[in-house]
Amino acid sequence: MNQGEVLSRTWKLLWKHKVLYLLGLVSSLVFSGPTFICIIFLLTSLNKFESLYHSMNNRIQSMPIYGWVLIGLVWLAVWAVVLYLTQSFKAAQYRGAWQVDTAEPQEFSFGQLWREGQPYVLRMVLLNLIFGGISLIGVLAVIIPFAYGMISEAYWLLCLALLVVFVLPAVTILIQIFIQLGGAAIVVENLGAIAAIRRAWDVAIHHKAAIALLMLFLYLINYGISMLIQTPFSFLIGLVPGFMGTTSIVVILGMAALMWLVVVLYTGLWMSFNDTAWVVAYNRLTRPAEPALTDVKSPQTQG
């Protein structure tokens, strides 16, 4: 697989079919919108922070058990909605990327891709939950030995936890690769979640060097552009202490809004580029026959 051809092809597809970028942009808005609201709320409440802190502290201490249960259920519901929406956009993204890479349709709409991606969403949610569970086990494998080692002064456990910390980055990269290849397998070959993991394993094992190079190139591209975006904002943040009083708050709010807008626009572009690149790479690595769209619509669920 020629990584340069994959990246070049991806950019050309996104440039020609802007709806793919729109999917990434909307997904970025859904993912980062709540964070922006929280930041603006905190920034606008700085002058009331002490009173808010005491008020919240009193409410927390007097809150009954059912109140905590209700808060937990609300957060769980919000998390489930965000997960469903982000995976819906990702499924539509994969579907659109596969179509433009194999059949080059002249045009399609946001709604059309959304509808065509819906049959794959639950399988993609399950795929993410499986690897999310693996990630949680990895984090607990660090926290539990570290905490127990600190309490019992068992320093060998601290050393073991540190060793796991060094392994975690590699495991995180592997999880990202399997999520991308597994998602592509679900949409391109209409596989179930478990069968998609097996398919991703098979592709990764047989094309280790090609996938590692693609992951490296994508990381370097994202890192380089992120640094270019962060540099001017870091410079502007250094100028904030020169403003006093309410002017300082206005400047901070304006910079936060501008930074959020730039981050959302870039994140949407990057999500679209990254997902499309993995679908194009999956097509190159698996070399499937180019089926007609009517053939793909008929379910052949495996696994």
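The structure presented is a predicted model; accordingly, all values stated were derived computationally and were not measured. (Residues numbered from 1 in each chain as written. Predicted model: local features only at pLDDT ≥ 70, side-chain atom pairs only at ≥ 80, totals over all residues. Heavy atoms only, no water.)

S.K.: What is the right way to look at the overall build of the protein chain in this model?
M.R.: A tally of regular secondary structure across the protein chain gives 10 helices and zero strands. Relative to its full complement of 303 residues, the protein chain shows a buried share of 37%. Sequence separation of at least 24 residues holds for 81% of the intrachain contacts in the protein chain that already meet a minimum separation of 6. Accessible surface computed for the protein chain: about 17800 Å², of which carbon and sulfur atoms make up 74%. (Helix = DSSP H or I, 4+ residues; strand = E, 2+ residues; numbered from the N terminus. Buried < 20%, exposed > 50% of the residue type's maximum accessible area, 1.4 Å probe, protein only. Contact = heavy atoms within 4.5 Å. Areas by Shrake-Rupley, 256 points an atom, 1.4 Å probe, with all protein chains shown as cover.)

S.K.: Would you explain the environment of Phe110 in this entry?
M.R.: Positionally, Phe110 belongs in helix α5 (residues 110-152). Through-space distance from the C-alpha of Phe110 to that of Gln93 is 9.7 Å; in sequence the pair is 17 residues apart. Among residues more than four places away in sequence, those in contact with Phe110 are Val19, Leu22, Leu23, Val26 and Phe89.

S.K.: I tried to follow the packing of aromatic side chains on my own but got confused; where do I start?
M.R.: Aromatic ring pairs are reported here in terms of the distance separating the ring centres and the angle at which the planes meet. Under the criterion given, the structure shown has seven aromatic pairs. Taking the centre distance of 6.2 Å and the plane angle of 55° together, the rings of Phe89 and Phe110 count as tilted. Remark: Phe110 occurs in helix α5 and Phe89 occurs in helix α4 (residues 65-102); sequence separation between them is 21 residues. Owing to a relative accessible area of 6%, Phe89 belongs among the buried residues under this scheme. Feature note: the residues Phe89, Phe110 and Trp114 constitute an aromatic cluster, connected by ring pairs. (Phe/Tyr/Trp six-rings, centres within 6.5 Å; stacked < 30°, edge-to-face > 60°.)

S.K.: Got a minute to help me understand helix α1 (residues 3-16) in this structure?
M.R.: Since the α-helix packs 3.6 residues into each turn, any two residues three or four apart lie on the same face. In this model α1 runs 20 Å from its N-terminal to its C-terminal C-alpha over 14 residues, within 8% of the 20 Å that 1.5 Å per residue would give. Every buried residue of α1 is listed here: Gln3, Val6, Leu7, Thr10, Leu13 and Leu14. Each buried residue of α1 lies within a common arc of 130° when the element is viewed along its axis, so the set occupies one face. α1 presents Lys12, Trp15 and Lys16 as exposed residues on the side facing more than 90 degrees away from its buried surface. Where α1 begins, the capping side chain belongs to Asn2, and its oxygen is found 2.9 Å from the backbone nitrogen of Gly4. (Expected span 1.5 Å × (residues − 1). Arc of directions from axis to C-beta. Polar contact = N/O pair within 3.5 Å; in protein donor to acceptor, adjacent residues only side chain to side chain.)

S.K.: I'm lost on helix α7 (residues 193-206) in this one. Help?
M.R.: Relative to the 20 Å expected for 14 residues at 1.5 Å per residue, α7 spans 20 Å between its end C-alpha atoms, a close match to the ideal helical length. Residues of α7 that are buried: Ala193, Ala195, Ala196, Ile197, Ala200, Val203 and Ala204.

S.K.: Sorry, what's going on with the nonpolar core here?
M.R.: With 56 residues, the main nonpolar core has Leu181, Ile211, Leu218 and Trp278 as its most contacted residues. Elements supplying a minimum of two residues to this core: α1, α2 (18-44), α4, α5, α6 (155-189), α7, α8 (208-239) and α9 (245-286). Ignoring sequence-local partners within four residues, the contact set of Leu218 consists of Leu7, Trp270, Phe273, Asn274, Ala277 and Trp278. (Core = buried A, V, L, I, M, F, W, Y, C linked by side-chain atoms within 4.5 Å.)

S.K.: So what exactly am I meant to see when it comes to unusual backbone geometry here?
M.R.: In terms of backbone geometry, most residues other than glycine have negative phi values and most peptide bonds are trans. Unlike most non-glycine residues, Asn190 shows phi in positive territory, near 55°. Here Asn190 is to be found in the loop between α6 and α7. Among the residues examined, Asn190 registers a relative accessible area of 9% and is labelled buried.

S.K.: How do you make sense of a nonpolar patch on the surface when you look at a structure like this?
M.R.: Nonpolar side chains collect at one region of the surface, where Leu213, Leu216, Phe217, Tyr219, Leu220, Ile221, Tyr223, Ile225 and Met227 lie side by side and expose about 780 Å² of accessible area between them. Here Phe217 lies in helix α8. (Patch = residues over 30% accessible without salt bridge, like charges linked within 9 Å, V, L, I, M, F, W, Y side chains within 5 Å. Salt bridge = Lys/Arg side-chain N within 4 Å of Asp/Glu carboxyl O.)

S.K.: Explain the pattern of salt bridges here, please?
M.R.: Where side chains of opposite charge bring their charged atoms close, a pairing between them can arise. In total, this model carries seven salt bridges according to the counting rule given. For Glu5, the salt bridge goes to Arg284, with nearest N and O atoms at 3.3 Å. Remark: Arg284 occurs in helix α9 and Glu5 occurs in helix α1; sequence separation between them is 279 residues. By relative accessible area, Arg284 is classed as partly exposed at 24%.

S.K.: Help me understand the packing of α1 against α4, please; the structure alone is not making it clear to me.
M.R.: Remark: α1 packs on α4, axes separated minimally by 11 Å, with the N-to-C direction vectors making an angle of 105°. As summarised for this structure, α1 and α4 are arranged roughly perpendicular, according to the angle between their axes. Two secondary-structure elements touch here, α1 through Arg9, Leu13 and Leu14 and α4 through Gln93, Val100 and Asp101. Broken down by class, the residue content of the contact of α1 with α4 amounts to three nonpolar, one polar and two charged. (Axes fitted to C-alpha atoms, helices over the stretch in contact; angles between N-to-C directions. Parallel < 35°, antiparallel > 145°, perpendicular 65-115°, else oblique. Nonpolar A, V, L, I, M, F, W, Y, C, P; charged D, E, K, R; others polar.)

S.K.: What's the story with the confidence of the model for the protein chain in this structure? I'm lost.
M.R.: Detailed reading of the predicted model is not advised wherever pLDDT is low. Per-residue pLDDT for the protein chain has a mean of 79; in total, 75% of the residues score no lower than 70. Low pLDDT, under 50, characterises residues 288-303; the predicted model gives this stretch 24 contacts beyond four residues in sequence or across chains. (pLDDT = per-residue confidence, 0-100.)

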